[in-house]
Amino acid sequence: MTNTAVIDRLPAPPPSDAAGGLTLRQAVPADIPECGRILFEAFATLARAHGFPPDFPTVAVATGCVRGLITNAGFHGVVAERDGHIVGSTFLDERSTIAAIGPVSVDPAAQDGRVGRVLMGAMLERAAERHAPGVRLVQISYHNRSLSLYAKLGFDVRETFAAMHGEPLRLTQPGYAVRVATPADEAACNALCVRVHGHDRAGEVGPAIAKGKAKVVERLGRITGYTTGIGYFNHSVAETNDDLYAMIGTATHLMQPGIVVPLDNPELFRWCLAHGLRVFFVMNLMAIGLYQEPRGAYLASVGY
Ligand SMILES: CC(C)(COP(=O)(O)OP(=O)(O)OC[C@H]1O[C@@H](n2cnc3c(N)ncnc32)[C@H](O)[C@@H]1OP(=O)(O)O)[C@@H](O)C(=O)NCCC(=O)NCCS
């Protein structure tokens, strides 16, 4: 597998009539209710068909997610319209070095009609324009269509994750002090991420510290792990699994869908199982461009 540059992997544009009169434009706040409804319906329809609980439990939760994305300048949102009606949307996380696509949602009535392909193409073009060295996404493994579409667009499956949830563990690890991160910790957190992943996630770390959500693990006076907040939308990086256990063990929420556990870390996966966490669903990390096999322990976010 190679780290092909994003620009080399841009898909061929679809034939002009392929998406049947589709137009794309940047998402604006007025789109929030309709994009929220479509986001809920797209995922719930799919989950129901496979006997899974929906990713977004209600339209209100999905709408809140869309609101958070459209009103955050770190994300680029695009909606697809046909005959003046929104039929889908997607977002590009532009906060850090690696760009991340998601969520992508197409109205169930319009699915399998190439709307998703056109939206994804727009995200890849945007990432290429911004010279992102890599683009990633996390795909729900039971969704054959998205898996196939993303592979056709050039994404490689790099990792498999289990989203795991449960009751707070209330565990502490002697010698592993978990405390709220301060701005003085930011450089050490970013350096740790570079050591483990080959790039930082500074655009997420800084705001999480500013909001008081980020935590660090200290061992013998050194920062050996950090988290932007244990949970589905946040990430954690650490030197060892023990550092991760210290952060997961003291988390006050491990709610559905839960933490995103890399399955090529079997010790971590079994530790989560042994502590009563349940698998919500399995997902694939798919990537174009820069990718380094992790050199440490980590929990992914729903982005990558
Ligand atoms: C995933 C999603 C965004 C894709 O959008 P879409 O408009 O339905 O998909 P498209 O028609 O553009 O593309 C589907 C492609 O997969 C192919 N495909 C579909 N099912 C397939 C299967 N079982 N095996 C192989 N290929 C398959 C289609 O032939 C098509 O390829 P083509 O463009 O080369 O013809 C949309 O289905 C959706 O909203 N799903 C629910 C929410 C979701 O899962 N979002 C993604 C999160 S991971």
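Residues numbered from 1 in each chain as written. Predicted model: local features only at pLDDT ≥ 70, side-chain atom pairs only at ≥ 80, totals over all residues.

### Regarding the overall build of the protein
Within the protein, the secondary structure is distributed over eight helices and 13 strands. Seen along its three principal axes, the alpha-carbon backbone of the protein occupies a region of about 60 × 40 × 35 Å. Considering the protein as a whole, with its 304 residues, one finds that 45% of them fall into the buried category. Intrachain contacts of the protein at a sequence separation of at least 6 include 72% that bridge at least 24 residues. (Helix = DSSP H or I, 4+ residues; strand = E, 2+ residues; numbered from the N terminus. Buried ≥ 20, exposed ≤ 12 C-beta atoms within 10 Å, placed from the backbone. Contact = placed C-beta atoms within 7 Å.)

### Topic: the environment of A151
Looking at the element boundaries, A151 is found in helix α4 (residues 144–152). What makes A151 partly exposed here is the crowd of 14 C-beta atoms within 10 Å. Between the C-alpha atom of A151 and that of L137, which follows or precedes it by 14 residues, the distance is 11 Å.

### A closer look at the site of the ligand
Of all residues adjacent to the ligand, which total 23 residues, the nearest are Q111, G116, R117, N144 and S148. Tallying contributions element by element places α4 first for the shell around the ligand, with six residues. Residues of the shell around the ligand, tallied by class, amount to nine nonpolar, nine polar and five charged. (Near = placed C-beta within 6 Å. Nonpolar A, V, L, I, M, F, W, Y, C, P; charged D, E, K, R; others polar.)

### Quick look at the sheet that holds strand β10 (residues 236–238)
Overall, antiparallel pairing links the five strands, which are arranged β7-β8-β9-β10-β13 in an open sheet. This sheet does not close on itself; its edge strands, each paired only once, are β7 (177–180) and β13 (297–299). For this sheet the average axis-to-axis angle between neighbouring strands, irrespective of direction, equals 25 degrees. Both strand β9 (residues 222–227) and β10 contribute to a ladder of three bridges, which runs antiparallel. Looking at β10, one finds that T227 is bridged to S236. Where helix α5 (residues 186–197) meets the sheet, its contacts fall on β8 (215–219), β9, β10 and β13, and the angle it forms with β9 comes to roughly 80 degrees. Contacting β7, β8, β9, β10 and β13, helix α7 (residues 241–249) crosses the sheet at an angle of about 55 degrees to β9. (Pairing = 2+ DSSP bridges. Axes fitted to C-alpha atoms, helices over the stretch in contact; angles between N-to-C directions.)

### As for the domain arrangement of the protein
What the domain assignment lists for the protein is domain 1 (6–137) and domain 2 (164–299). A C-alpha centroid distance of 27 Å is found between domain 1 and domain 2. Between domain 1 and domain 2, the contact holds 14 residues from the first and 15 residues from the second. Here the side of domain 1 that touches domain 2 is built from residues that sort into six nonpolar, four polar and four charged. (Domains from an automatic or database assignment.)

### What to know about the pairing of strand β6 (residues 156–166)
In the sheet, β6 pairs with strand β12 (residues 278–289) via nine bridges, with the strands oriented antiparallel. When the bridges of β12 are listed, F161 appears paired with M283. Sheet analysis places β6 next to strand β11 (residues 254–262), joined by five bridges and oriented antiparallel. Paired with M164 across the strands is I259, a residue of β11.

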